[in-house]
Amino acid sequence: AKKIFKSKTIGKEYTSRIVSYILHEDYETIYQNIKLISEEISSSSKLVDSKTDVMLEDNAILVDVEINYFDGPTRSVQMNSYIYQLFLNQLTSYKDYPNVKKVIQIIIEDNDYFKKNDFIYTIGFMDKKHHIEENDNIERFRINLDYLSKLSYTNIRNDGLAYLLYPFVCNFEKLEESYNNLYKDDEFMRKVIDEAKRITKDNTMKLYFPLTAEEVRKMDEEYYIKQGLEQGIQEGLAKNKKEMILKMYEEKVPIEKIALYSSLNIEDVQKIIDEKE
């Protein structure tokens, strides 16, 4: 995907089409103004990697495109660092804030991050209760490619973004089939498919990530083990506290004192006692 977005022959047009569909902006305006810029966002030694997959810019927006095939907290932290770093890099003082460019992150991934069986998730700074946008300078879109594999050709044909991204869920043989069923009269998408087939044939081209999939998996396993241990400790403490409360209650200690010793309110203490009885 990254190679296609950066292709000298089709990259700008293809990426501009995708961005215009996602942002609901005029394609010609985006195509005429947007350009590929440096991928470097930070020299911080704390970042696993300081390069985005694809970074674009025009006079109003910065777009970070991430191709995500790693489902875990390590990659999520990395992508979070990118979007905030792109925003902060524009500020040298508070006076810069009115002129800051909107930062948009488009994550194209092969899994359903929120498990809601949707194709596009739009994420911003919102008030949870009233769904009011607090800050419109940072926005993230998660594109669930797995959703496309469940659609018929008719559904794909009727959805502009699905139509553009469908080649990414095809293996080499499926690319030719999709051309015959979807793109036969579309000269541009024929070029996209030819580029995808060329890249698929070239075994030397690999998605750039500084760690191997195994190393990332190990980091994520360590994270989940740590989370499990912490959860176990908390559950153990909660169990011990319940046992202490019930023991004190059996010994006729007033509920007010039990609440004081256990750092709980009286209602919670009473609930634990009632559950036991």
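Described in the following lines is the structure provided in the data block. (Residues numbered from 1 in each chain as written. Predicted model: local features only at pLDDT ≥ 70, side-chain atom pairs only at ≥ 80, totals over all residues. Heavy atoms only, no water.)

**Comments concerning the overall build of the chain**
Across its full length, the chain holds eleven helices and six strands. Looking at the chain as a whole, 41% of its 277 residues qualify as buried. Sequence separation of 24 or more characterises 55% of the internal contacts of the chain that already satisfy a separation of 6 or more. (Helix = DSSP H or I, 4+ residues; strand = E, 2+ residues; numbered from the N terminus. Buried < 20%, exposed > 50% of the residue type's maximum accessible area, 1.4 Å probe, protein only. Contact = heavy atoms within 4.5 Å.)

**Observations regarding the pattern of salt bridges**
The full count for this structure, using the stated rule, is eleven salt bridges. When the shortest N-O distance is used, the salt bridge between Arg-17 and Glu-13 registers 2.7 Å. Of the two residues, Arg-17 and Glu-13 are both situated in helix 2 (residues 11–23); the distance of four residues between them amounts to about one turn of the helix. With relative accessibility at 23%, the residue Arg-17 sits in the partly exposed group. Using a relative accessible area of 24% as the deciding quantity, one classes Glu-13 as partly exposed. One salt bridge in this structure joins Glu-139 and Lys-102, with 2.9 Å as the shortest N-O distance. With Glu-139 in strand 6 (residues 133–144) and Lys-102 in strand 4 (residues 102–109), the pair connects residues that are 37 residues apart, well separated along the chain. (Salt bridge = Lys/Arg side-chain N within 4 Å of Asp/Glu carboxyl O.)

**A short note on the layout of surface pockets**
The volume enclosed by the second largest pocket comes to roughly 210 Å³. Only helix 3 (27–33) and strand 4 provide two or more residues apiece to the lining of the second largest pocket. No other element matches helix 3, which puts three residues into the lining of the second largest pocket. Class assignment for the residues of the lining of the second largest pocket results in five nonpolar, three polar and five charged. (1 Å grid on protein atoms, 1.4 Å probe; cavity = no way out; pocket = protein on both sides within 12 Å on 5 of 7 lines; lining within 4 Å. Points joined across faces, edges and corners; volume = space filled by probe spheres on them. Nonpolar A, V, L, I, M, F, W, Y, C, P; charged D, E, K, R; others polar.)

**Some thoughts on the packing of aromatic side chains**
Counted under the stated rule, the structure contains eleven aromatic pairs. Taken together, a centroid distance of 4.8 Å and an interplanar angle of 85 degrees make the contact between Tyr-113 and Phe-114 edge-to-face. Judged by relative accessible area, Tyr-113 falls into the partly exposed class, the value being 33%. Taking relative accessible area as the criterion, Phe-114 reaches 37% and is therefore assigned partly exposed. Relative to Tyr-166, the ring of Tyr-153 lies with its centre 6.1 Å away and its plane at 80 degrees, an arrangement referred to as edge-to-face. One end of the pair, Tyr-153, is in helix 5 (residues 153–157); the other, Tyr-166, is in the loop between helix 6 (160–165) and helix 7 (172–183), and 13 residues separate them in sequence. Both residues of the pair, Tyr-153 and Tyr-166, count as buried. Lys-12 extends its terminal NZ or CZ atom over the ring of Tyr-31, reaching a point 4.9 Å from the ring centre. (Phe/Tyr/Trp six-rings, centres within 6.5 Å; stacked < 30°, edge-to-face > 60°. Lys NZ or Arg CZ within 6 Å of the ring centre and 35° of its normal.)

**Structural notes on the sheet that holds strand 1 (residues 35–36)**
Sheet strands associate in pairs through backbone hydrogen bonding, adopting either a parallel or an antiparallel arrangement. Spatially, the six strands line up as an open sheet ordered 1-2-3-4-6-5, and their pairing is mixed. One side of each edge strand has no neighbouring strand; the edge strands of this open sheet are strand 1 and strand 5 (120–126). Note that strand 2 (residues 54–57) and strand 3 (residues 61–68) share four bridges and pair antiparallel. Bridge pairing links Met-55 to Asp-64 in strand 3. (Pairing = 2+ DSSP bridges.)

**Focus: the packing of helix 2 against helix 8 (residues 187–201)**
Remark: helix 2 packs on helix 8, axes separated minimally by 11 Å, with the N-to-C direction vectors making an angle of 110 degrees. For the element pair helix 2 / helix 8, the angle class is roughly perpendicular. As helix 2 runs across helix 8, the sense of the crossing is left-handed. When helix 2 is examined against helix 8, the residues Glu-13, Tyr-14 and Arg-17 are found in contact with a partner set consisting of Phe-188, Met-189 and Val-192. Tallied by class, residues from the contact of helix 2 with helix 8 come to four nonpolar, no polar and two charged. (Axes fitted to C-alpha atoms, helices over the stretch in contact; angles between N-to-C directions. Parallel < 35°, antiparallel > 145°, perpendicular 65-115°, else oblique. Left-handed = near helix turned anticlockwise from the far one by under 90°.)

**Considerations on the side chain of Ser-7**
Relative to the elements of secondary structure, Ser-7 occurs in the loop between helix 1 (2–5) and helix 2. Each residue touching Ser-7, except ones within four places of it in the same chain, is listed here: Lys-12 and Glu-195.

**Details of the nonpolar core**
With 44 residues, the main nonpolar core has Phe-5, Tyr-14, Val-63, Ile-106, Ile-108, Ile-143 and Leu-165 as its most contacted residues. Beyond its immediate sequence surroundings of up to four residues, Val-63 is in contact with Val-19, Ile-34, Val-54, Met-55, Leu-56, Ile-104 and Ile-106. Judged by nonpolar contacts, the second largest core, of ten residues, contains Ile-83, Leu-86, Phe-87 and Val-103. (Core = buried A, V, L, I, M, F, W, Y, C linked by side-chain atoms within 4.5 Å.)

**Observations regarding unusual backbone geometry**
One non-glycine residue with positive phi stands out, namely Lys-115, at about 55 degrees. Mapped onto the elements of the fold, Lys-115 is located in the loop between strand 4 and strand 5. In this structure Lys-115 comes out as exposed when scored by relative accessible area, which is 60%.

**Some points on helix 8**
Taking 1.5 Å as the rise per residue, helix 8 with 15 residues should run 21 Å; its terminal C-alpha atoms sit 21 Å apart, in good agreement. Every buried residue belonging to helix 8 is among Phe-188, Met-189, Arg-190, Val-192, Ile-193, Glu-195, Ala-196, Lys-197 and Ile-199, and all of these are buried. Buried residues along helix 8 sit against helix 1, helix 2, helix 6 and helix 7. Between the side-chain oxygen at the start of helix 8 and the backbone nitrogen of Phe-188 there is a gap of 3.1 Å, and the oxygen is on Asp-186. (Expected span 1.5 Å × (residues − 1). Polar contact = N/O pair within 3.5 Å; in protein donor to acceptor, adjacent residues only side chain to side chain.)

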